[in-house]
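Next come the chains, spelled out residue by residue.
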Amino acid sequence: MDKILVTRASMPPMEEYIEEIKDIWDSHWLTNMGCKHEELTSQLKEYLKVDYISLFSNGHMALELGLQALNLSGGEVITTPFTFASTTHAIVRNKLKPVFCDIREDDYTLDANKIEELVTDRTVAILPVHVYGNICQVEEIDRIAKKYGLKVVYDAAHAFGETYKGRGVGTLGDVSMFSFHATKVYNTIEGGGICYSDEDYGKKLFRLKNFGIRDEESVDGVGANAKMNEFSAAMGICNLRHVNEEIDHRKKVVERYRHNLSGVEGIRLNVIQSEVVSNYAYFPVFIDEQKFGATRNEVSEYLKRRNIFPRKYFYPLTNTFECYNGKFDVNTTPVALRVSKRILTLPLYADLDLNMVDQICDIITHIRKGEHNL
Ligand code: T4K
């Protein structure tokens, strides 16, 4: 049996991509905000229901420079440790201090009830993550941000195309970042975007991703280079034509998993959020070893021996990373710690065969019944 990996990049038919890149050969225009870049920008703006979007070479640079463009100049950012390395690194690389807030037991997002106690006179922003596409407690976060004059930057890397109460999730907070990495619901090979509504902010962002260049003879910012190239943009144009279909297929996979695994003792499935139109980005299961009879690690290792490769997104927590040299106390985020040791994200992609989903679930239910030697 071929390896079943946690995900598989979605790709358009090859002929469609070749057709899309033909005019790049005619123009010899490969990057620096070319035609494909501009076309994709306007298509994404419409698809995501946002005022503005600025495209980047990847989601991380979008987040890092998106934060930089807010001019927060030192200070503390309240954030979650239950995320990919990028979120915390983006804060630290901006010379800001992450202050870790615990997460909610049910949807794994930042626990808004615990934010206020972490606000100090140094706090400048809140950086929550719509982890797995689960939307944060946005109204409460908004209330706190207004009360203390804080910026809200959403890491919406997992939330492409989702809506909350009918609004594009990219409109939440001051700015939101989407990742268009190969592993995401929607990809531009590598890529990312920052959504915003303030035009002046957009101008700063543009300079930051293009060396701080104002015009041919003036450079007025110490910018980086984080532009999306034309081949990525062409991939994005093609993938956008298929993304709704992609999400429908993912939905079927998720429904099959839910059907097979709901009611298995010791397995808790991801929440369904009533006001959210989901993109079915990930399929995390929380394994309670007391009730299930095996640990998350045992299940993961057993599946790997059967050529199925789930992932422990997100373990370890970012506040335990070696690179931070013990600066943060993981005991301040006990729920995140408990979840990170018990969560397993199962394989999920649009063309994952439903029979394979059944096989994965069979293995898990048999482990529950003690019918497999771990
Ligand atoms: N914020 C959050 C909350 C994020 O989750 C991420 C990225 C970011 C920010 C930053 O956005 P980007 O700068 O990446 O745009 C993967 C992705 O690389 C990363 O984008 C993603 N989050 C993270 C959750 O997952 P790894 O280290 O697990 O990737 P890797 O190479 O092990 O790939 C995982 C599986 O994906 C493979 O087993 C097979 C499949 N795959 C992978 C690649 C690279 C493909 O099918 N095709 C491919 O080209 O991080």
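Above this text sits the structure in question.
Residues numbered from 1 in each chain as written. Predicted model: local features only at pLDDT ≥ 70, side-chain atom pairs only at ≥ 80, totals over all residues. Heavy atoms only, no water.

### Description of the pairing of strand β10 (residues 192-196)
Of all 5 residues in β10, 5 are buried; the element is thus mostly enclosed. The alternating pattern of β10 places Gly-192, Ile-194 and Tyr-196 on one face and Gly-193 and Cys-195 on the opposite face, and all of these are buried. Sheet analysis places strand β9 (residues 175-179) next to β10, joined by 4 bridges and oriented antiparallel. Each residue of the ladder has a partner; that of Ser-179, found in β10, is Gly-192. (Buried < 20%, exposed > 50% of the residue type's maximum accessible area, 1.4 Å probe, protein only. Helix = DSSP H or I, 4+ residues; strand = E, 2+ residues; numbered from the N terminus. Pairing = 2+ DSSP bridges.)

### Some words on the side chain of Thr-163
Within the secondary structure layout, Thr-163 lies in strand β7 (residues 163-164). A relative accessible area of 12% places Thr-163 in the buried class. When sequence neighbours within four positions are dropped, the list of residues in contact with Thr-163 reads Lys-49, Gly-168, Val-169, Glu-275, Val-276 and Val-277. (Contact = heavy atoms within 4.5 Å.)

### Looking at the sheet that holds strand β3 (residues 76-79)
Here we have 7 strands laid out as an open sheet, ordered β2-β10-β9-β6-β5-β3-β4, and mixed in their pairing. The open sheet has two free edges, formed respectively by β2 (52-56) and β4 (97-100), since each of these has just one partner strand. The average undirected angle you get between the axes of adjacent strands in this sheet is 25°. Set on the sheet, helix α3 (residues 59-68) makes contact with β2, β5 (123-127), β6 (151-155), β9 and β10; between it and β10 the angle comes to about 35°. In this fold helix α6 (residues 199-209) packs onto β2, β9 and β10, with an angle of close to 10° to the strand it touches most, β2. (Axes fitted to C-alpha atoms, helices over the stretch in contact; angles between N-to-C directions.)

### Some details on the packing of aromatic side chains
Evaluation of the coordinates by the stated rule reveals 21 aromatic pairs. Ring plane angle 90° and centroid distance 5.9 Å describe the contact between Trp-25 and Phe-231, whose orientation is recorded as edge-to-face. With Trp-25 in helix α1 (residues 14-27) and Phe-231 in helix α7 (residues 230-261), this pair connects stretches of sequence that are 206 residues apart. By relative accessible area, Trp-25 is classed as exposed at 56%. Residue classification places Phe-231 among the partly exposed residues on the basis of a relative accessible area of 25%. Ring geometry for Tyr-132 and Phe-314: centres 6.3 Å apart, planes at 20°, overall stacked. Pair noted here: Tyr-132 is in the loop between β5 and α5 (138-148) and Phe-314 is in the loop between β16 (308-309) and α10 (334-340), with a separation of 182 residues, a long-range link. (Phe/Tyr/Trp six-rings, centres within 6.5 Å; stacked < 30°, edge-to-face > 60°.)

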